Amino acid sequence: MNANQERIKHLYNRAGFGMRIEDWQSWKSQSWKRVLKQVLKDAEQNETLTVGELKAPSPIERKMMDKEERRELAKTNRIFIKDLNIAWYKRMMFTEAQLREKMTLFWHDHFACRLLFYGFAEKQNNTFRNYGLGKFGDLLEAVAKDPGMLQFLNGQQNKKAHPNENFARELLELFTLGRGHYTEKDIQEAARAFTGWGFDLNRQFIFRRRQHDTGLKTFLGRTGNFDGDDILRIILEEKQTAQFLTYKLYRYFVNEKVNEGVANQWAEKFYESDYDIGQLLITMFSSEHFYAKENVGTKIKSPTEFLVGLMRQTNMDFKTADGIIFLQKVLGQMLFQPPGVAGWPAGRDWIDSSTLIVRLRIPRVLFNAEDLGVEVKGEFAGNEDLLRLKRKNRALEMLIDWEPLLREMERQNNAFDWLQSFLLAGNPYELKEVTPFIRGSEKRDQFKQLVLRLLSTPEYQMC
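Model, not experiment: these values are computed from the prediction.

Rules used throughout
- Note on numbering: residues in each chain are counted from 1, in written sequence order.
- Only residues with pLDDT of 70 or above have their local features reported here, since the model is predicted, and side-chain atom pairs are shown and tallied only from 80 upward, although totals for entire chains, interfaces and linings are computed over all residues.
- Think of the side-chain values as coming from all heavy atoms in the structure, minus any hydrogens and water.
- Note on definitions: the grid is 1 Å and covers protein atoms alone; a cavity is a set of points where a 1.4 Å probe fits but cannot get out; a pocket is an open set with protein on both sides within 12 Å along at least five of seven lines; lining residues have an atom within 4 Å of a point.
- Grid points are joined across faces, edges and corners, and a volume is the space filled by probe spheres set on the points.
- The numbering of helices and of strands both runs from the N terminus, where a helix is a DSSP run of H or I of at least 4 residues and a strand a run of E of at least 2.
- Amino acid classes used here: Ala, Val, Leu, Ile, Met, Phe, Trp, Tyr, Cys and Pro are nonpolar; Asp, Glu, Lys and Arg are charged; the rest, including Gly, are polar.
- Buried, partly exposed and exposed residues are distinguished by accessible area as a fraction of the type maximum, computed with a 1.4 Å probe on protein chains only: under 20%, between the cut-offs, and over 50%, respectively.

A.B. asks: Looking at this model, I keep getting lost on empty space enclosed by the protein. Mind explaining?
C.D. replies: Over the atoms rolls a probe the size of a water molecule, and in doing so it shows where empty space is left. Counted under the stated rule, the structure contains 8 cavities of 30 Å³ or more. Along the walls of the largest cavity sit 13 residues, with Tyr 12, Val 39, Asp 42, Glu 96 and Gln 98 positioned nearest its centre. At the level of secondary structure, the elements contributing two or more residues to the lining of the largest cavity comprise helix H1 (3–15), helix H3 (32–42) and helix H6 (98–110). At 3 residues, H1 tops the list of elements feeding residues into the lining of the largest cavity. Classifying every residue of the lining of the largest cavity by side-chain character gives 5 nonpolar, 3 polar and 5 charged.

A.B. asks: I keep staring at the layout of surface pockets and nothing clicks. Help me out?
C.D. replies: Of the voids in this model, the largest pocket is the one considered here, and its volume is about 900 Å³. Lining the largest pocket are 30 residues, with Arg 62, Asn 77, Leu 116, Phe 117 and Gln 151 positioned closest to its centre. Here the lining of the largest pocket takes 6 residues from helix H5 (residues 67–94), the largest share from any one element. Residue classes in the lining of the largest pocket are distributed as 15 nonpolar, 5 polar and 10 charged.

A.B. asks: Hey, could you run me through helix H10 (residues 166–176) in this one?
C.D. replies: Two residues of an α-helix separated by three or four positions point the same way, owing to the 3.6 residues in each turn. In terms of burial, H10 is largely enclosed, as 9 of its 11 residues are buried. Of the residues one or two after H10, Gly 178 is the one with positive phi, at around 90 degrees.

A.B. asks: Is there a simple way to explain unusual backbone geometry in this structure?
C.D. replies: Where the residue is not glycine, phi is negative for most of them; where a peptide bond is considered, it is trans in most cases. The backbone of Asp 274 sits at a positive phi, close to 65 degrees, despite the residue not being glycine. Summarising the element assignment, Asp 274 is placed in the loop between helix H14 (260–272) and helix H15 (277–286). A positive phi angle, near 75 degrees, is found at Phe 336, a position not held by glycine. Relative to the helices and strands, Phe 336 resides in the loop between helix H17 (322–331) and helix H18 (353–367).

Structural data, given as structure tokens:
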């Protein structure tokens, strides 16, 4: 690939989940700036993600349920959450709106909630999708009033007689300002301002006026009869919020090691734009800094980025959807089940000696329909089926369309070098280094072996 094509690949790797062979064929002769315009245009697509309506019983109805009815309701709920998980994976694999789904994943981690009811999980996920490329203030308000967030961080229990500080603490530490830019008193006063915020049986936000503390509050140096909306407004007035978010987006899209000079310039523009997320990303993806050598091939893929990218680059799909859940469990990133309110780890924390070995084995396991030979632990929607799948020693069966990739390789003068450029963030290997691993006399079989070999390298873990 030439320099322009390398930029296009880098853009697809970071603003989405990797380049498909169709993307390469469409854009190989176009400028990266034109491709960026198309990526942004595609991101305007916004389709609600849903797998159906699961009606939650009222407290009275729930009281009247016997043990078996409650068990059946819980089972149905787990199935719905599992189906939502699979549907989101499929969306990331096949949608043209790659940037919107990449940002949905970012906000899913940023505002991490472990939601046990399908209705909450679906609503919150679509909130991230709807607001994720707009103004951060709108997203922040929507999340603060989201029933899933209110449930997860005890908003329902936040009453004037006994303020609950859980949401206020995470709002300041993890969602906006960052540790060290507020005091314990600020948390206490913010919690008072959010008293009375809750949701009804239809999962709609309600303000319970009688439970709201109407007294004066002092927050971040300002004093007034503040409510929750006032707290959000004051937080957005702080330039530290713009810097905190810009630094986090920099680490997500550019490099784990932040170039403070560049990031501070972007943060200033972000603040001046009234926190326009889409405009910040345009600034980022249009910059020479984004494509600088030190920022290419330096990011360790999260399990979701690794698995979705593998599916996209090889035209592969799961024959049975349970395989998606199984591999999420194996790789350590189960969507809708973050380990805590701080979200998932990042960067080098994704890789240790055991997880790297599993990652290197997965491509061969998927292409050859082999048993991965690992156990999964813990509970999740549909986990019982996965455990049965393991006990029966069933392979992970895939649907693979080799033709587009093989035809493109046959058109190339140097198929190996082109394949490396397409799959890896760089060209680290010489053909003689992989020749001993190639089997078969047929040219196409040899090509397949080359693909598998490169997918099973440490370099493929990077983007």
